[in-house]
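Survey of secondary and tertiary structure
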Amino acid sequence: MSKPIRFLLVEDNDDDAQLLEIKLRQSGYEPEYVRVDNETAMRTALQKESWQVVVSDYVMPGFSGLRALQILREVSPDTPFILVSGTVGEETAVEAMRKGANDYIMKDNLARLVPAIERELRESRQRAERRRTEETLYQERERALITLHSIVDGVITTDADGRVDYMNPVAESVTGWTYGEAQGFPLTEVLPLIDEATRLPVESPADITLRTGHGVSASGQCVLINRNGQEFNIEDSAAPIYDREKRIIGTVLVFHDATRERRMARQMTWQATHDSLTGLANRTEFADRLAILLDGVARDTSREHALLYLDLDQFKVVNDTCGHDAGDELLKQLSRTLRANVPSSASLARLGGDEFGLLLENLDLAHATETANRLLQIFAEFTFEWQQRRFAVGVSIGLVPINAQTPSPSFVLSTADVACYVAKESGRNRVHIYQDSDIDLGERHNEMHWVSRIKEALEKNRFLLYKQRITALNGGDPTPHFELLVRMRDQDNKVIPPGAFIPAAERYNLMNAIDRWVIDSAFAFLRRAQKNGDAGIYAINLSGNSLNDEALPDYIQKKIGQYYVNPGQLCFEVTETAAVFNLEKVSHMIRLLKTLGCRFSLDDFGSGLSSFGYLKNLPVDFLKIDGGFVRDMHTDPMNRAIVEAIHQVGHSLSIRTIAEFVESQDVANQLQLIGVDFAQGYHFSKPVPLYDSETITIRRKKV
């Protein structure tokens with residue numbers, strides 16, 4: 001089978017052209033060619049088509065082989081050129097080869113023509129393949145270099161000896177070395193690393209990779225000190241580079257400049273643990289340090305420490321007369337003064353608005369007292385000036401020793417607060433060492449703290465209602481029945497149980513305001529619920545303070561009309577103790593509101609140890625048996641007897657009974673045997689937020 005071949009023949013003689021064609025056909029080729037004999041024709045042929053080979057005579061009228069060679073190399077540098085002539089001499093042949101001819105053949109030896117063409121075609125293919133390979137490699141290298149130049153991380157490659165052989169612009173910028181300068185230098189000189197904490201040299205991941213043969217994942221806490229003395233926090237990793245035989249011939253190290261992220265992380269950590277105004281530790285950080293100190297005491301019971309709680313005197317005067325800017329400046333000045341006059345090992349913190357804490361490590365009580373008294377003297381000598389006004393600022397200090405008997409950080413902080421309060425109550429500008437007898441004053445002090453928090457919660461509407469289901473026993477009344485319970489949210493939106501704030505509210509006459517908030521909120525809920533078909537009974541607690549409020553019945557009546565509430569769904573709860581002490585007012589309120597359709601429940605019955613006789617004067621609908629008798633009635637026969645007696649008295653007066661604190665099925669079974677009407681407690685349901693769902697309680701008919 002003939003092999004096709006396309007060639008351009010530069011020849012002015014037809015006989016010679018035919019002779020070449022015959023030689024090719026005899027060698028098994030099917031030639032296709034164009035014959036030209038001048039420059040114009042040759043350029044036209046080269047522009048129109050591409051040729052596998054150009055065969056040219058040397059001497060032609062007005063044209064020559066060397067000129068043909070020159071034209072070919074201008075247009076197609078890689079196309080093979082074979083000079084065929086009967087007159088070319090050795091010097092001419094050498095000149096032709098020097099100028100780019102691939103071979104020369106004498107016309108009287110055309111037997112060499114076909115092997116020469118085959119050789120040149122073969123080498124031409126090899127050159128083309130090599131050129132394609134080189135171009136591919138070049139393109140891949142260019143893509144890799146562009147990629148390495150474009151990424152935001154630093155990249156350095158090394159040889160097998162750990163010497164730099166490439167680095168991208170980011171690596172140049174961070175290290176301070178240019179690629180040309182760094183090439184051939186050890187990586188440890190170009191990228192010297194130290195540990196951020198110890199400041200000791202750190203082995204480069206690239207060196208570890210060369211030593212172990214394994215890649216090293218990104219490591220943190222490293223610092224690069226570059227050529228210009230600048231420091232960068234970096235995260236770096238390395239991987240080996242292999243040759244075809246899987247031998248390691250170098251490494252590639254990638255590092256990320258984490259300086260900004262590390263600085264931001266440190267700043268965020270600092271902000272989370274420090275007071276922004278004074279730069280001192282904040283209350284959270286102070287409590288953490290106190291906990292660490294107590295852990296150390298637990299391990300070494302011989303150690304002693306102390307905590308000072310400092311509360312500024314007359315700070316409010318500065319704030320009120322000169323404004324908050326003056327108050328802030330005063331706090332900053334005092335912070336600097338304190339820092340300069342406490343032991344370097346001490347922890348100083350701003351605990352509140354004008355309150356500071358000082359942890360004195362490894363100081364017994366006597367030396368801690370000396371420190372406290374020295375601070376008193378420093379404050380006595382301190383004068384604050386603001387806009388040509390001068391202020392003296394005192395301080396009251398509570399001191400609490402810390403030793404092996406100290407139970408917890410919260411105990412230390414609370415007792416220090418109490419000791420500081422006692423120092424203030426004793427005349428200010430003094431040190432008071434905490435004593436167990438301070439506890440009563442401390443409780444009252446804590447209640448005073450709650451007063452401001454309760455008032456703020458009322459102003460900012462930070463109370464919320466929960467509900468707890470009251471379950472019918474023995475197939476009783478199926479009407480859904482709930483008790484509404486009040487909770488308070490603090491500034492961080494944390495829910496505070498009533499036991500924490502109700503005692504202070506009762507002591508300082510704030511329960512009336514809380515009760516009115518509950519009434520308004522409950523009625524607002526019921527107005528919407530009733531429109532959606534709610535028919536449940538909702539019990540609302542009234543405190544002893546509210547029972548003394550003669551205007552409360554009128555207030556309730558007004559709100560019933562304002563919210564269009566169905567009075568039949570309202571049940572007001574009063575405690576037995578409060579009812580007995582306000583018997584006349586409670587009786588009047590009950591009778592007045594019952595005429596509207598409201599119900600009443602007597603709460604905590606049995607806790608007051610009062611006579612059953614007054615029940616005749618209190619027309620209540622429900623009697624709630626105190627949970628203290630209910631909780632363990634299944635194991636305590638006396639409590640069971642009391643529960644049964646209260647139930648029997650209630651039923652004799654047509655009052656239905658409710659057992660509180662029902663926490664087990666055993667108790668529920670005993671209540672069912674006695675015949676108690678309702679049960680309330682965690683066994684049946686826990687309190688849940690009133691507005692968490694739109695669950696509507698629709699009254700069902702008895703079957």
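Use the structure listed above.
Note that the structure is predicted; figures quoted are calculated from it, not measured. (Residues numbered from 1 in each chain as written. Predicted model: local features only at pLDDT ≥ 70, side-chain atom pairs only at ≥ 80, totals over all residues. Heavy atoms only, no water.)

Section: the overall build of the chain
Helices and strands together make up the secondary structure of the chain, namely 25 helices and 30 strands. Over its C-alpha trace the chain gives a radius of gyration of 49 Å, far above what one expects of a compact globule, namely 27 Å for 703 residues. On the principal axes, the C-alpha backbone points of the chain span a range of 150 × 80 × 55 Å. Taken over 703 residues, the chain has a buried fraction of 45%. (Helix = DSSP H or I, 4+ residues; strand = E, 2+ residues; numbered from the N terminus. Rg over C-alpha atoms; globule rule 2.2 N^0.38 Å. Buried < 20%, exposed > 50% of the residue type's maximum accessible area, 1.4 Å probe, protein only.)

Describing the pairing of strand S18 (residues 389-392)
Note that strand S17 (residues 383-386) and S18 share 4 bridges and pair antiparallel. Within the sheet, the bridge partner assigned to Thr383 lies in S18 and is Ala392. The hairpin formed by S17 and S18 contains 2 residues between the paired strands, and Gln387 there has a positive phi angle of roughly 50 degrees. (Pairing = 2+ DSSP bridges.)

Looking at the nonpolar core
Among the nonpolar cores identified, the biggest contains 72 residues, and Ile454, Phe501, Phe523, Phe572 and Leu671 are the most heavily contacted of them. Broken down by element, this core gets its largest block of residues, 10 residues, from helix H18 (residues 511-531). Setting aside anything within four residues of it in sequence, one finds Phe501 in contact with Trp450, Ile454, Phe463, Val486, Arg487, Met488, Ile496 and Ile514. Core analysis: the second largest hydrophobic core is formed by 33 residues, Ala346, Leu348, Leu363 and Ile378 among them. (Core = buried A, V, L, I, M, F, W, Y, C linked by side-chain atoms within 4.5 Å. Contact = heavy atoms within 4.5 Å.)

Focus on the sheet that holds strand S20 (residues 431-433)
Across the sheet, which stays open at both edges, the 5 strands sit in the order S15-S16-S14-S19-S20 with mixed pairing between neighbours. Strands at the two margins of the open sheet, each flanked by one partner only, are strand S15 (347-350) and S20. Averaged over neighbouring strand pairs, the angle between their axes works out to 20 degrees when direction is ignored. Here helix H11 (residues 283-299) sits on the sheet and contacts strand S14 (305-313), S15, strand S16 (355-360) and strand S19 (394-402); the angle it forms with S16, its principal contact strand, is near 25 degrees. (Axes fitted to C-alpha atoms, helices over the stretch in contact; angles between N-to-C directions.)

Observations regarding H11
Across its 17 residues, H11 extends 25 Å between first and last C-alpha, which sits within 8% of the 24 Å expected from 1.5 Å per residue. Looking at H11, one finds that the buried residues are Glu285, Phe286, Leu290, Leu293, Leu294, Gly296 and Val297. (Expected span 1.5 Å × (residues − 1).)

Thoughts on the pattern of salt bridges
Applying the stated criterion to the full structure yields 36 salt bridges. In this structure, Asp243 and Arg247 form a salt bridge, with 2.9 Å as the shortest nitrogen-oxygen distance. In this structure Arg247 comes out as exposed when scored by relative accessible area, which is 51%. Residue Lys460 is joined to Glu456 by a salt bridge in which the shortest nitrogen-to-oxygen separation is 3.2 Å. Take Lys460: its relative accessible area is 52%, and that puts it in the exposed class. (Salt bridge = Lys/Arg side-chain N within 4 Å of Asp/Glu carboxyl O.)

Notes on the pairing of strand S28 (residues 656-659)
Strand residues, when the strand is regular, have side chains that alternate between the two faces of the sheet. Sheet topology note: the strand S27 (residues 622-625)/S28 ladder contains 4 bridges and is parallel. Paired with Ile625 across the strands is Ala659, a residue of S28. Note that S28 and strand S29 (residues 678-679) share 2 bridges and pair parallel. Bridging from a neighbouring strand, Ile658 pairs with Phe678 of S29. What joins S28 to S29 is helix H25 (residues 665-674), and the crossover it makes is right-handed. (Right-handed = clockwise from strand over helix to strand, strands pointing away.)

Quick look at the sheet that holds strand S1 (residues 3-10)
Within a beta sheet, neighbouring strands are joined by backbone hydrogen bonds and run either parallel or antiparallel to one another. If you walk across this open sheet you meet the 5 strands as S2-S1-S3-S6-S7, and the pairing is parallel. The sheet is open, and its two borders are formed by strand S2 (29-36) and strand S7 (103-106), each paired with just one other strand. Going across the sheet, the axis of each strand differs from the next one's by a mean of 25 degrees, ignoring polarity. Bridge count for S1 against strand S3 (residues 53-57) is 4 bridges, and the pairing is parallel. Its bridge partner lying in S3, Leu8 is registered against Val54. Contacting S1 and S2, helix H2 (residues 39-48) runs over the sheet at an angle of about 150 degrees to S1.

Comments concerning the packing of aromatic side chains
One pass over the structure, following the stated rule, counts 13 aromatic pairs. Between Phe463 and Phe501, the ring centres sit 5.8 Å apart and the planes meet at 65 degrees, which makes this aromatic pair edge-to-face. With Phe463 in strand S21 (residues 463-472) and Phe501 in helix H17 (residues 498-507), this residue pair connects regions lying 38 residues apart in the sequence. Phe463 sits in the buried class, given a relative accessible area of 3%. When its relative accessible area of 0% is taken as the criterion, Phe501 is described as buried. Here a set of aromatic residues connected by ring pairs shows up, and it is made of Phe384, Trp386 and Phe391. Just above the ring of Phe482 sits the side chain of Lys467; from NZ or CZ to the centre is 4.8 Å. (Phe/Tyr/Trp six-rings, centres within 6.5 Å; stacked < 30°, edge-to-face > 60°. Lys NZ or Arg CZ within 6 Å of the ring centre and 35° of its normal.)

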